[in-house]
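# Observations on the three-dimensional arrangement
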Amino acid sequence: MSVVTERVLPRAAWHTADVVEVRRETPTAARIVLDVAGWPGNLPGQHLDVRLTAPDGYTATRSYSIASAGDGARVVLAVARVPDGEVSPFLIDELRAGDRLEVHGPLGAYFVWRAPADGGAGRPVQLIAGGSGVVPLYAIAQAHLDAADATPFRLLYSVRTPDDVFFAQELDAAAHGPVPFVADYVYTRRAPAGDEAPVGRLTRERLAAATFGPEDEPLVYVCGATAFVEQVATWLVDRGHDPRAIRTERYGGT
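First, a word on what this report is: a plain description of the structure on this page. Quick caveat, the model's predicted, so the values are computed rather than measured. (Residues numbered from 1 in each chain as written. Predicted model: local features only at pLDDT ≥ 70, side-chain atom pairs only at ≥ 80, totals over all residues. Heavy atoms only, no water.)

Relative to the helices and strands, Ala-69 is located in the loop between strand E4 (59-65) and strand E5 (74-80). Residue class for Ala-69 comes out buried when judged on its relative accessible area of 10%. Between the C-alpha atom of Ala-69 and that of Pro-27, which follows or precedes it by 42 residues, the distance is 25 Å. (Helix = DSSP H or I, 4+ residues; strand = E, 2+ residues; numbered from the N terminus. Buried < 20%, exposed > 50% of the residue type's maximum accessible area, 1.4 Å probe, protein only.)

Following the sequence through the fold, Gly-38 ends up in the loop between strand E2 (29-36) and strand E3 (47-53). It is 9.4 Å that separates the C-alpha atoms of Gly-38 and Ala-17, two residues lying 21 residues apart in sequence.

A few words on the nonpolar core. In this structure, Trp-113, Leu-127, Leu-137, Tyr-157, Phe-166, Phe-167 and Tyr-221 are the most contacted members of the largest nonpolar core, which totals 33 residues. Residue assignment for this core shows that the elements contributing at least two residues are E2, E5, strand E7 (125-130), helix H2 (134-146), strand E8 (153-159), helix H3 (168-175), strand E9 (181-187) and strand E10 (219-224). Top element by residues in this core is H2. It accounts for 7 residues. Aside from chain neighbours lying at most four places away, what touches Trp-113 is Pro-44, Val-125, Ile-140, Ala-143, His-144, Asp-149, Phe-153 and Tyr-221. Counting residues in each nonpolar core, the second largest holds 22 residues, with Ala-30, Trp-39, Tyr-64 and Val-103 among its members. (Core = buried A, V, L, I, M, F, W, Y, C linked by side-chain atoms within 4.5 Å. Contact = heavy atoms within 4.5 Å.)

If you want it as structure tokens, here you go:
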């Protein structure tokens, strides 16, 4: 899939999406591949709205980050189950290939990344994810790889266990690929066998050890639950990062 590099944002609209594939991403999440008629392409980091309509006319709309980027009609989502949710359990448990959804997008202009237009190395990029907040950051990392971009990239991913890692194979391939990309993981419940790093929540010290320093002047993207994002942003600013270079996005919805 080619990477959208132009400066003009694709125009958002309602579209009909045909479900191409639904498969388990983690024990509590699903990867959903859509073919969206009239989709204008999207930038890495954007999101869309999914609208479900019940037979009685009741509707529910939720926002989901897009795990893909570029031109063309193919769109990938990765949806985590929200306990007692209205929409995510249906998408994970009931949705099948051949079904249709209504989607509105692409949405968002702030939490996006574009490869440098001149093909050279741009400002370093630091990605920091908590749980399913990795979805838009994966789209950014994959766009970086697809563009054969020379910009230094790092990902710090806080996640419960190795089984809960989204896009595990793709991130591993990127870390061993031809572009500068380093992935570090903080496991909060259980680490892989042989991993000697401490298990537990991300700390200020581990954040500092596994991210670009303020002297590198990185552009930072942070996505996750509200408390996670706010804590990380505070630590970054305390460390000396320019607040204007920190882009944050909180996930939610059901």
